[in-house]
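Residue-level structural notes
Listed below, chain by chain, are the residues.
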Amino acid sequence: MLASLNELMKDACEKNYAVGAFNATNLESLTAAIQAAEETGKAIILNHADVHSKFITLEEIAPIMINKADKAKVPVCLNLDHGASIEVCMKAIRLGFTSVMLDASGASYEENLRETELICRLAHSVGVTVEAELGHIFSSDIGVGNGAVQETLENFESAEDVYTDPSVAKDFVEKTGVDVLAIAFGTAHGVYQKKPKLDLDRIRLIRESIDIPFVMHGGSGLTDEEYRIAINNGIRKINYYTYMALAGGKAVKEELDKIKAGENVFFHDIPLIGIKAMKEDIVRAIRLFSRGA
Ligand SMILES: [Zn+2]
């Protein structure tokens, strides 16, 4: 059933676990995520971002996402991921999304504050939750970036300019009324080229200033222990996509490699291979995130 982010976050906070958020880049990833949620009996969040429009646009996939969420046996929240403007967020709300992220983290702090405060007032008036981002969560160019900041650590003087500052986060949350906050502590979107340096203790420090659910972007590729600590320190929503997409791609390649020259290949069989492999990877992720700390 279609669910709000708040009800999912409330349960996750009470029981100290994180809810997985998976990208609906197409019908296959959407189907895999719903199947995995039903198999595990756990609630999930489905993300769609502007950058996915090269695969399918928000207008095209929103009715399918709503239909699938409505029919699902578990709660499913529909979230706009990395909304680039108030206008895109309003479009997602109009299309039936229950949650929107406004990512103004690339703008000045004042502008991020102003824009987030406005979308919170608008979204909250119709019962939709808002996620914002503070700090800089980078994107690797390997995999599907989310339209997030394309800078690297070298563009900044120190990690302090990149990672979320606890006192700034407190000011931001109090002034905007944002429901959940994506924080920067060393994770990045896409495939890690080298082992990330995570400042997991920073999550705990931010939580000492403000007790709202935190979001981890770039949730692929951490160790089980890193997930456990992150969750224990206050991460309640984990955006996870890169590794599930890789699992689907790998399975398809392996099956196609088995086909001998001259053998028939029907295209309609290919998505099924990807769905199955992605579903299995998502089941593993959901079990890990929902096990809690
Ligand atoms: Zn992200």
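Details of the structure are given in the entry above.
We now turn to the structure provided with this report. Please read these numbers as outputs of a predicted model, since none were measured by experiment.

Here is what the cut-offs are and how they apply
- Residues numbered from 1 in each chain as written.
- Predicted model: local features only at pLDDT ≥ 70, side-chain atom pairs only at ≥ 80, totals over all residues.
- Heavy atoms only, no water.
- Core = buried A, V, L, I, M, F, W, Y, C linked by side-chain atoms within 4.5 Å.
- Buried < 20%, exposed > 50% of the residue type's maximum accessible area, 1.4 Å probe, protein only.
- Contact = heavy atoms within 4.5 Å.
- Donors = N, O, S within 2.8 Å, 3.2 Å for Na, K, Ca; no water.
- Helix = DSSP H or I, 4+ residues; strand = E, 2+ residues; numbered from the N terminus.
- Polar contact = N/O pair within 3.5 Å; in protein donor to acceptor, adjacent residues only side chain to side chain.

**Notes on the nonpolar core**
If you look at the biggest cluster of nonpolar residues, it comprises 75 residues, and the most contacted ones within it are Phe22, Leu46, Val76, Val100, Leu181, Phe214 and Ile235. Not counting residues up to four positions away in its chain, the partners in contact with phenylalanine 22 are Ala33, Ile44, Ile45, Leu46, Asn47, Tyr240, Met244, Ile282, Ala285 and Ile286. Of all hydrophobic cores here, the second largest spans 16 residues; its members include Leu8, Tyr17, Ala21 and Val215.

**Considerations on the coordination of the zinc ion**
At the metal site, the zinc ion is ligated by His82 (NE2), His189 (NE2) and His217 (ND1), and these contacts range over 1.9 to 2.1 Å. The sequence pattern describing where the donors of the zinc ion fall on their chain is H-x106-H-x27-H. Note that histidine 82 is positioned in strand β3 (residues 76-83) and histidine 217 in the loop between β7 (214-216) and α8 (224-233), a separation of 135 residues in sequence. Accessibility classification places histidine 82 together with histidine 217 in one group, the buried group.

**As for the environment of tyrosine 17**
Looking at where tyrosine 17 falls in the secondary structure, it is placed in the loop between α1 (5-15) and β1 (19-23). With 14 residues separating them along the chain, tyrosine 17 and alanine 3 place their C-alpha atoms 18 Å apart. Here the side chain of tyrosine 17 touches aspartate 11 through a polar contact of 2.6 Å, side chain to side chain.

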